[in-house]
Structure formats: structure tokens, C-alpha cells
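These are the residues of each chain, in order.
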Amino acid sequence: MASALKNLSSHRALTLNGASNVRVCVVVSEWNHKITGALSRGAVSTLLDHGIKEKNILVHTVPGSFELTLGASLVNQKYKPDAVICLGCVITGETRHAEYICNAVAQGLTILSLQHQIPFIFGVLTPDTQKQAEERSGGKHGNKGIEAAMTALELIKLKKSL
Ligand code: DLZ
């Protein structure tokens, strides 16, 4: 996997002006919940570390990664956040659904980003094995939840700067 070449938790320092007023939704798939729970904890702690207030981090769950797009759309409608982080884990070695699910979510989140002009982050792990998933949710390759949160913060910063 490409992510074996980098640590998903390593990031450049980022200062976000007005962070205390920033609102972020986190939508988490319950499928492979041990992995996605770890991704969620990584994302939330990264947001807190960057000055986002706990009350402004809204975490919701959906049954599986396929439902991330609708979940993201619903939370966007309700909370009008600055970003929506979508977290899931599709173990590709285990299911032929994988390609359909991942393509659908990637397309869905791209459409939502362009429609609503805020980042909808694709924080979906697509490892071949459970071991690779563990390595990328707080193991030797870091935590994709942290990477997803940093991506959201960078995009929020970019939008504020334009
Ligand atoms: C059905 C299914 C399968 C086989 N595998 C996964 C998976 O590895 N990761 C995941 O997040 N979800 C999986 N799902 C569930 C689908 O995302 C979806 O919830 C169902 O197809 C119902 O729409």
C-alpha cells in the first residue's frame, strides 16, 4: 500500500486563526468499529489540539462506509459546519463490495464538497488485511483519522485565506 511509505500521523505545524469558532462534523462508519473508533479518536484529539472547542465537534455514526455520504449530507444540513470528516474502513481482501463502496463514497464526497464549498474529507482506510488496518489506525503507519483531521483544518484555513 502507498501509505506504507509515510506515517499518517505526521504533519506540519498548523495555526488556525479563529479556531474556537470553527465547527467540524465527524461521521464514523460502525463497520470494523474497532478500527473506525480509533480513527475517530485520532481525528477528534487532533481537532482539539488545534483549538477546536469540544462543543463544536459533532460526532455521528452510520452503519457502514456506504452510508458515509448520506450521513455527511445530513449533518451538513443540520449543523452547517466548516468541514465534515468521514471515517470508515473497507478491508478489500474480504469483500467484493469494496470497490463499489469506496468509489461511491469518493464520488459522493467530491460532489458534496463542490456543491457546498466546504471540505468533505475521505478518511476511509482501504487496506487488504485487518493487520494493515490496525497499522493505519494508531499502529506503525500512524492514524488516518489524524491525517483526515489535518486535511480538514488545512482546507478550512485555505478557505478563510481566500
Ligand atoms: C456490506 C459491507 C461489506 C461486505 N464490507 C464492508 C466493509 O468492509 N466496510 C464498511 O464500512 N462497510 C461494509 N459493508 C457495509 C456497507 O458499507 C453498507 O453499510 C451496506 O452495504 C448497506 O448499505
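Please read these numbers as outputs of a predicted model, since none were measured by experiment.

S.K.: Please give an account of the environment of Cys-86 that cites residues and values.
M.R.: Inspection of the secondary structure assignment puts Cys-86 in strand S3 (residues 83-89). Residue Cys-86 is classed as buried on the basis of its relative accessible area of 0%. Spatially, the C-alpha atoms of Cys-86 and Val-124 are 7.1 Å apart, while their sequence positions differ by 38 residues.

S.K.: With reference to specific residues and values, describe the layout of surface pockets.
M.R.: Taken as a whole, the second largest pocket spans an internal volume of roughly 190 Å³. If you trace the second largest pocket, you find it lined by Ser-113, Leu-114, Gln-117, Ile-118, Pro-119, Phe-120, Ile-121, Thr-151, Leu-155, Leu-158, Lys-159 and Leu-162. Put simply, the parts of the chain that give the lining of the second largest pocket at least two residues each are helix H3 (97-116), strand S4 (120-125) and helix H5 (144-161). The leading source of residues in the lining of the second largest pocket is H5, at four residues.

S.K.: Tell me about H3, and please be specific about residues and values.
M.R.: Under the 1.5 Å per step criterion, the end-to-end length of H3 is 28 Å for 20 residues, consistent within 8% with the ideal 28 Å. Those residues of H3 lying buried are Ala-98, Ile-101, Cys-102, Val-105, Gly-108, Leu-109, Leu-112 and Ser-113. Here the buried residues of H3 occupy an arc of 135 degrees about the axis, which is enough to place them on one side. Turned more than 90 degrees from where H3 packs its buried face, Glu-99, Tyr-100, Gln-107, Leu-114 and Gln-115 sit exposed. Of the surrounding secondary structure, the elements contacted by the buried residues of H3 are helix H2 (68-79), S3 and S4.

S.K.: Which residues make up the sheet that holds strand S1 (residues 24-29), and what are the values?
M.R.: If you walk across this open sheet you meet the four strands as S2-S1-S3-S4, and the pairing is parallel. Two strands lie at the open edges of the sheet, namely strand S2 (57-62) and S4, each paired on one side alone. Here the average twist between neighbouring strands, direction ignored, is 15 degrees. Here S3 runs beside S4; their pairing, made up of six bridges, is parallel. Looking at the pairing, Val-84 lines up with Phe-120 of S4. Along the sheet, H5 makes contact with S1, S3 and S4, crossing S4 at roughly 165 degrees.

S.K.: Can you break down the side chain of His-50 residue by residue, with the values?
M.R.: Along the chain, His-50 turns up in the loop between helix H1 (33-49) and S2. Looking at His-50, its side chain comes within polar contact range of the main-chain oxygen of Thr-46, at 2.8 Å. Contact partners of His-50, with chain neighbours within four places excluded, come to His-11, Leu-14, Ala-19, Met-150 and Leu-153.

S.K.: Outline a nonpolar patch on the surface, listing residues and values.
M.R.: On the surface, Leu-155, Leu-158 and Leu-162 cluster together into a nonpolar patch covering about 320 Å² of accessible area. Along the chain, the position of Leu-158 falls in helix H5. Judged by relative accessible area, Leu-158 falls into the partly exposed class, the value being 44%.

S.K.: How would you summarise the packing of aromatic side chains if you had to cite specific residues and measurements?
M.R.: For the structure on display, the rule yields zero aromatic pairs. The lysine or arginine in question, Lys-78, covers the ring of Tyr-79, its NZ or CZ lying 5.6 Å from the ring centre.

Conventions we followed
- Residues numbered from 1 in each chain as written.
- Predicted model: local features only at pLDDT ≥ 70, side-chain atom pairs only at ≥ 80, totals over all residues.
- Heavy atoms only, no water.
- Helix = DSSP H or I, 4+ residues; strand = E, 2+ residues; numbered from the N terminus.
- Buried < 20%, exposed > 50% of the residue type's maximum accessible area, 1.4 Å probe, protein only.
- 1 Å grid on protein atoms, 1.4 Å probe; cavity = no way out; pocket = protein on both sides within 12 Å on 5 of 7 lines; lining within 4 Å.
- Points joined across faces, edges and corners; volume = space filled by probe spheres on them.
- Expected span 1.5 Å × (residues − 1).
- Arc of directions from axis to C-beta.
- Contact = heavy atoms within 4.5 Å.
- Pairing = 2+ DSSP bridges.
- Axes fitted to C-alpha atoms, helices over the stretch in contact; angles between N-to-C directions.
- Polar contact = N/O pair within 3.5 Å; in protein donor to acceptor, adjacent residues only side chain to side chain.
- Patch = residues over 30% accessible without salt bridge, like charges linked within 9 Å, V, L, I, M, F, W, Y side chains within 5 Å.
- Areas by Shrake-Rupley, 256 points an atom, 1.4 Å probe, with all protein chains shown as cover.
- Salt bridge = Lys/Arg side-chain N within 4 Å of Asp/Glu carboxyl O.
- Phe/Tyr/Trp six-rings, centres within 6.5 Å; stacked < 30°, edge-to-face > 60°.
- Lys NZ or Arg CZ within 6 Å of the ring centre and 35° of its normal.

Fair warning: the whole summary comes from geometry, so function is off the table for now.
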